[in-house]
Each structure stands twice: as C-alpha cells, then as structure tokens.
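# Observations on the model geometry
Spelled out from the first residue to the last, the chains are:
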Amino acid sequence: MRSSATLERVIDEQDFPIRHGVFIAVAGPSGAGKDSVMDYARQRLGPQDSDVTFVRRVITREMDGAGEAHDCLTRASFDEAESKGAFAVSWEANGLKYGLPASVDGIVREGHVAVANVSRAVIPLLRERYGNVIAVIVTASRDVLAERLSSRGRETREEVLARLERAHAKELAVEDATIIDNSGTLEEAGEKFQDILRRAAAWSAVSDSV
C-alpha cells in the first residue's frame, strides 16, 4: 500500500481534467427515486456493458437496509481517509460526509463510464476533475414528491412542500443537465437512464480509440 506522501505525489503529477471516459453524475431531490432508477439500469447491464461502473459511495452513516448500499466510515475515519487522498471527490450534506473513492479516476482515465449518485453542489467540482461529465437530474412532480416524502413520516406536508420549493430552484441551477421525470412508472424512467448509459459508453469507446 502506498504511503500518503507517495499517493499525494501521484495525484499531483496527474493531469486534470481527465479527458478520456465519461462520468455520469446523478442528482435530484429526495423522493425522486434516484437509487431505484440507477438500480433498474444496473440490474439490466449485460456483458456488452462491461465499460460501465456504478460507484459505491463512502458515507458517514450506518447502512440500515432501506437505502443505497454504501461503505460506512465514522466521521473521524472519514476525515483521516480524506486527508490521505482516499477520495476523488468528497462533500458534506445534511450532517453527513460523502466520498467517491480515488479509484474513480482510474476508471475514467481508462476510458470507461463511472456512474454515481451525487449532490448537485458537487457537480462543478466533478466537471473540473473530469472532462466529460453528464449531469442527470432525476425528479418527479411536486405532488408525487410530496406524497412520497410525507409517507416517510419525517416531516409535515407543509415542511415537505417548502423543501421542494427550494430544491426546484437548485435543480434549475444545474447547467446542461438531462432531466428524467420519474413521476410515472419506474420502467419508463429507467429506460431513459439506460439510454444515457449506452450513449455514454459508445462515446467513451470512440474517444478512447482516437
């Protein structure tokens, strides 16, 4: 295993943004079904889709079986890993810390497609690190979002609606984003996301051979 000093030198010597490959950044409001849409596509990948990698995030939250599968770290362990360059990109939201492993750089540099669930706020950082970033916003109508979030019982409907109003404004601030409306069937939204994956994989294959 490399020492942290060696790892820092390797990172410093790399050229950014990384030009080969594609990074697909999936974002959107709570209740939109981002994980479900991504899982739909992941479960339908075949041997021909070996160039597509779904990135497992590191989060300072215990896995409860209800949300996405992720790697867990305590906040102290996360901070230590972050200081040693373990993450390609990291951020904080809602009192938790999130990180994408440094191995993502290698995936993209080798001309492959990396897919990850991220915060909207981190997309500009991703565009600085990777030359080809596709921002995908998975969303749904406000009524659908309000119903899904209210059913969790964590907030009143009024609180949910206020949060959705703020989230809508942030969605519009994501430049050049592809919007997938998941108000209807999961199949419909999932197929649209699969189409994005296929086009990204085809483009990365061509760009890597140039």
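The structure this text deals with has already been given above.
### A short note on the sheet that holds strand 1 (residues 22-27)
The strand order across the open sheet built from 5 strands is 2-7-1-8-9, with neighbouring strands paired in parallel fashion. For this open sheet the edge positions go to strand 2 (52-54) and strand 9 (178-181), each flanked by a neighbour on one side alone. Each neighbouring strand pair of the sheet contributes to a mean axis angle of 20°, computed without reference to strand direction. Sheet topology places strand 2 next to strand 7 (residues 113-117); 3 bridges connect them, and they run parallel. In the strand pairing of strand 7, Phe54 is matched with Val115. Sitting on the sheet, helix 2 (residues 34-43) touches strand 1, strand 2, strand 7 and strand 8 (133-139), and the angle it makes with strand 7 is about 150°.

### Observations concerning the packing of aromatic side chains
For the structure shown, the criterion picks out 3 aromatic pairs. With a centroid separation of 4.5 Å and 25° between ring planes, the pair formed by Phe78 and Phe87 is classed as stacked. In this structure, Phe78 and Phe87 share a single accessibility class: buried. Taking 5.5 Å as the distance between ring centres and 5° as the angle between the ring planes, the aromatic pair formed by Trp91 and Tyr98 counts as stacked. Exposure remark for Tyr98: the relative accessible area of 9% places this residue in the buried category. Its guanidinium or amino end placed over the ring of Tyr40, Arg44 lies 3.6 Å from that ring's centre, counting from NZ or CZ.

### Thoughts on the pairing of strand 7
Most of strand 7 is tucked away, with 5 of its 5 residues classed as buried. Taking every second residue as pointing to the same face, both faces of strand 7 are buried, with Val113, Val115 and Asn117 on one and Ala114 and Ala116 on the other. Alignment of strand 1 against strand 7, held across 5 bridges, turns out to be parallel. The partner of Ala25 across the bridge, within strand 7, is Ala116.

### Focus on the environment of Val174
Of note, Val174 is situated in the loop between helix 7 (157-172) and strand 9. A sequence separation of 53 residues divides Val174 from Ala121, and the C-alpha atoms of the two residues are 8.6 Å apart. Setting aside residues up to four positions removed in sequence, Val174 forms contacts with Arg120, Ile123, Ala135 and Ile137.

### Focus: the sheet that holds strand 4 (residues 71-72)
Read across the sheet, 4 strands follow the order 4-3-6-5 without closing on themselves; strand pairing throughout is mixed. Looking at which strands have only one partner, the edges of the open sheet turn out to be strand 4 and strand 5 (87-93). Here strand 5 pairs with strand 6 (residues 96-101) via 6 bridges, running antiparallel. Its bridge partner lying in strand 6, Trp91 is registered against Tyr98.

### Structural notes on the pattern of salt bridges
Taken as a whole, this structure holds 8 salt bridges when the rule is applied. Taking the shortest distance from any N to any O, the salt bridge between Arg42 and Asp39 comes out at 2.1 Å. Of this pair, Arg42 and Asp39 are both found in helix 2, 3 residues apart, which corresponds to roughly one turn of the helix. Judged by its relative accessible area of 37%, Arg42 falls in the partly exposed class. With a relative accessible area of 32%, Asp39 lands in the partly exposed category. A salt bridge links Asp71 to Arg56, with the shortest nitrogen-to-oxygen separation between them at 2.7 Å. With Asp71 in strand 4 and Arg56 in the loop between strand 2 and strand 3 (58-59), the pair connects residues that are 15 residues apart, well separated along the chain. Judged by its relative accessible area of 34%, Asp71 falls in the partly exposed class.

Calculation rules
Residues numbered from 1 in each chain as written. Predicted model: local features only at pLDDT ≥ 70, side-chain atom pairs only at ≥ 80, totals over all residues. Heavy atoms only, no water. Pairing = 2+ DSSP bridges. Helix = DSSP H or I, 4+ residues; strand = E, 2+ residues; numbered from the N terminus. Axes fitted to C-alpha atoms, helices over the stretch in contact; angles between N-to-C directions. Contact = heavy atoms within 4.5 Å. Phe/Tyr/Trp six-rings, centres within 6.5 Å; stacked < 30°, edge-to-face > 60°. Buried < 20%, exposed > 50% of the residue type's maximum accessible area, 1.4 Å probe, protein only. Lys NZ or Arg CZ within 6 Å of the ring centre and 35° of its normal. Salt bridge = Lys/Arg side-chain N within 4 Å of Asp/Glu carboxyl O.

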